[in-house]
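Structure assessment
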Amino acid sequence: MAEKMRMLQLSEDQQRPVICEKCGGVLVYKGLGEYRCEECGESEYDDYGKVRSYLEKHKGANVSDISIETGVSRKSIRQMVKENRFEVIENRGGFLKCEMCGVAIKSGHFCPKCEEAFHKNVEAEARNERQRNMAMAGYGKERTGDDGSKRYTRER
Ligand SMILES: [Zn+2]
Ligand SMILES: [Zn+2]
């Protein structure tokens, strides 16, 4: 169940991390494809973040190098390049527009405002889900204790 929660689909076929692999905390979007765990501070990247941070260190790398080094599929990289998702690559194909509010943007799908709102929403849902799960687990334990099932307890 946690595994299903960990990755949510964006509008394209790229995946983004939601739940920290290390501790199960909620990953908060930091911008440019980077996420940080609000519990333990671990950083994770989505496909875009992986490719972007690789490109920062290896300017001019080709698609197959990037794919081998980051583990992101070539198809996904080509898709991102085609959509002008990298500011290092000049936007020759006219103006991009935010898919939410229609404002002109340089790269990506959303303007910074809408992107932040989108991620805030996903994070809030993940937090609620996590709290529900924790509350349920806690409730379960208490009930076992309260209804006198102590004699069935195997561990001390
Ligand atoms: Zn964590
Ligand atoms: Zn917008």
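Everything in this summary refers to the structure shown in the same document. This is a predicted model, so every value here is computed, not measured. (Residues numbered from 1 in each chain as written. Chains lettered and ligands numbered in written order. Predicted model: local features only at pLDDT ≥ 70, side-chain atom pairs only at ≥ 80, totals over all residues.)

1. With respect to the overall build of the protein chain
Put simply, the rule reads: We count a stretch as a helix when DSSP gives it H or I for four or more residues in a row; a strand needs E for two or more, and each element gets its number in order from the N terminus. Residue burial is a threshold on neighbouring C-beta atoms within 10 Å of the residue's own C-beta, all placed from the backbone, with 20 or more meaning buried, 12 or fewer meaning exposed, and counts in between meaning partly exposed. A pair of residues counts as a contact when their C-beta atoms, built from backbone coordinates, are separated by no more than 7 Å.
Within the protein chain one finds 5 helices and 7 strands. Each helix and strand of the protein chain, placed in order from N terminus to C terminus, yields the pattern α-β-β-β-β-β-α-α-α-β-β-α. Looking at the protein chain as a whole, 19% of its 156 residues qualify as buried. Put simply, of all contacts in the protein chain between residues at least 6 apart along the chain, 24% involve residues at least 24 apart.

2. Looking at the sheet that holds strand S4 (residues 34-37)
Heads up, the condition is: Pairing between strands requires that DSSP locate at least two bridges from one strand to the other. Lines fitted to C-alpha atoms define the axes, with helix axes restricted to the stretch in contact, and inter-axis angles between N-to-C directions lie between 0 and 180 degrees.
The antiparallel open sheet is built from 3 strands, whose spatial order is S3-S4-S5. Edge positions in the sheet fall to strand S3 (27-31) and strand S5 (43-45), since each has one partner strand and no second. Across the sheet, the mean angle separating the axes of adjacent strands is 35° when strand polarity is ignored. As paired elements, S3 and S4 share 4 bridges and run antiparallel to each other. Residue pairing in the sheet places Val28 in a bridge with Arg36 of S4.

3. Comments concerning unusual backbone geometry
Despite not being glycine, Leu32 has its phi angle at roughly 50°, a positive value. Structurally, Leu32 is set in the loop between S3 and S4. Residue Leu32 is classed as partly exposed on the basis of its C-beta count, with 14 C-beta atoms lying within 10 Å.

4. As for the nonpolar core
We apply this condition: Nonpolar cores are identified as sets of buried Ala, Val, Leu, Ile, Met, Phe, Trp, Tyr and Cys residues joined via C-beta atoms within 7 Å.
Counting 8 residues, the largest nonpolar core is built from Val18, Ile19, Cys20, Val26, Leu27, Tyr29, Tyr35 and Cys37. In this view, Cys20 contacts Gly25, Leu27, Cys37, Glu39, Cys40 and Glu42; residues no more than four positions away in its chain are not counted. Core analysis: the next-biggest nonpolar cluster, separate from the first, contains 6 residues, Tyr48, Val51, Ile66 and Ile77 among them.

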